[in-house]
Amino acid sequence: FKAVEGPVARRMVASRRGLPDGAVFSSANLASEYGRSAAPEVLYLDALVCEDAVRHGRPLSRIPADYEKFFNTLELPEVDAVLQARGLPDPARRLVADAFSDMRVSVETRAGASPPVLVNRGWPQGSVSGPEASKPAQEPILRLRQASPAQYVTHAGRRIACAGYVDDAEHYGAGAADLPVIVSELGLGSLASGIGFAWPKFSAFATDWDAFLGTPDALGSGMSPVGIAAEGWDIWRGGSSPAQIPRAFI
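Everything numeric here is computed off the predicted structure, so don't read it as measured data.

The next thing to look at is the sheet that holds strand β14 (residues 240-246). If you trace the three strands from one edge of the open sheet to the other, you get β12-β13-β14, paired in antiparallel fashion. Edge positions in the sheet fall to β12 (223-224) and β14, since each of these pairs with one other strand and no more. Pairing analysis gives seven bridges linking strand β13 (residues 227-233) to β14, with the strands arranged antiparallel. Directly across from I228, in β14, lies its bridge partner I245. Contacting β12, β13 and β14, helix α6 (residues 179-193) crosses the sheet at an angle of about 15° to β13.

So this is what it looks like as structure tokens:
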């Protein structure tokens, strides 16, 4: 099947060439973009943001995020809806949707193969169109963050909200006061998209954490000396799942 989905995936990427960043999908995710080394760009941006904050004494907050079982839990209707909203031709959209819907899996056991289990979520890892599918899947989260007032502002006035590659992302703010906003937006995006968070891989950092805790704005923010309260979609049981993101000190 890779010989069939491969040309479709390549044409989807090629159709965005020449368009401004963010014209189709969020410019914060560089997965499957030709001619761009996404992983190094994310690392370089992180280093530049931290260097700018240190050199110019600007408040900085930062949350590295990781998605839980990302490709296994992609919501196919949500991916299809975003592709339709972005103007993907119907034949290409139907090919992608039909290829990975109504899939059934049997598990080999000592007693033989189990009865077929209907899989109504997820995208096979290693599929050619997997990285491309990750882009519309994350749109609710990344668009919320890019439109947010909670962003790091460089000494030159450039606003930076987030950057990511497939299922890993870095989110930035201008100090501790932005952390509750960032966490709230991540939660809303998670509930809207069905994406769950791998909370043990999260941490929250702010250069002015202790100073913020001494202000009235800290009341009801969910922040404490050791972390910040958060929530997201529970991919195992459904519904909202509360969590505590631990505080990072570097």
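Picking up after the structure, the text goes on.
In this section: the packing of aromatic side chains. Using the criterion set out here, one finds six aromatic pairs in the structure. Three or more aromatic residues link up through ring pairs in this structure, and these residues are Y67, F70, F71, F197, W199 and F202.

Take the nonpolar core next. One finds F70, W123, L179, F202 and I245 to be the most contacted residues of the largest nonpolar core, which totals 44 residues. Setting aside chain neighbours within four positions, we find F202 in contact with I63, P64, A65, D66, L186, F197, I245 and P246. Judged by nonpolar contacts, the second largest core, of six residues, contains V49, L60, Y152 and Y172.

Burial analysis of strand β1 (residues 61-68) places seven of its eight residues in the buried class, which makes it a mostly covered element. In terms of strand pairing, β1 meets strand β9 (residues 168-173) through six bridges, oriented antiparallel. Bridge assignment links P64 to a residue of β9, and that residue is E170. Direction of pairing for β1 relative to strand β11 (residues 205-206): antiparallel, over a ladder of two bridges. Bridged to S61 within β11 is A206. Relative to strand β10 (residues 196-197), β1 runs antiparallel, the two being bridged by two bridges. Bridge pairing in β10 places E68 opposite G196.

It is worth spelling out helix α5 (residues 130-146) at this point. An ideal rise of 1.5 Å per residue puts 24 Å on 17 residues; α5 measures up with 23 Å between its terminal C-alpha atoms. With 12 of its 17 residues buried, α5 lies for the most part within the structure. Among all positions in α5, only G130, E132, A133, S134, K135, P136, A137, Q138, E139, I141, L142 and R145 are buried.

What follows covers the pattern of salt bridges. Inspection of every chain in the model, using the stated rule, returns 11 salt bridges. With a closest N to O distance of 2.7 Å, D80 and R93 form a salt bridge. Here D80 is found in helix α3 (residues 76-85), whereas its partner R93 is found in helix α4 (residues 90-99), with 13 residues between them in sequence. Judged by its relative accessible area of 22%, D80 is partly exposed. Across the pair E139 and R86 runs a salt bridge, and its minimum N-O distance is 2.6 Å. Remark: R86 occurs in the loop between α3 and α4 and E139 occurs in helix α5; sequence separation between them is 53 residues. Residue R86 is classed as partly exposed on the basis of its relative accessible area, which comes to 33%. Beyond isolated ion pairs, a larger network of salt bridges with shared partners links D46, R62 and E170.

What counts and what doesn't
Residues numbered from 1 in each chain as written. Predicted model: local features only at pLDDT ≥ 70, side-chain atom pairs only at ≥ 80, totals over all residues. Heavy atoms only, no water. Pairing = 2+ DSSP bridges. Helix = DSSP H or I, 4+ residues; strand = E, 2+ residues; numbered from the N terminus. Contact = heavy atoms within 4.5 Å. Axes fitted to C-alpha atoms, helices over the stretch in contact; angles between N-to-C directions. Phe/Tyr/Trp six-rings, centres within 6.5 Å; stacked < 30°, edge-to-face > 60°. Core = buried A, V, L, I, M, F, W, Y, C linked by side-chain atoms within 4.5 Å. Buried < 20%, exposed > 50% of the residue type's maximum accessible area, 1.4 Å probe, protein only. Expected span 1.5 Å × (residues − 1). Salt bridge = Lys/Arg side-chain N within 4 Å of Asp/Glu carboxyl O.

Read these as layout, nothing more, since geometry by itself doesn't imply function.
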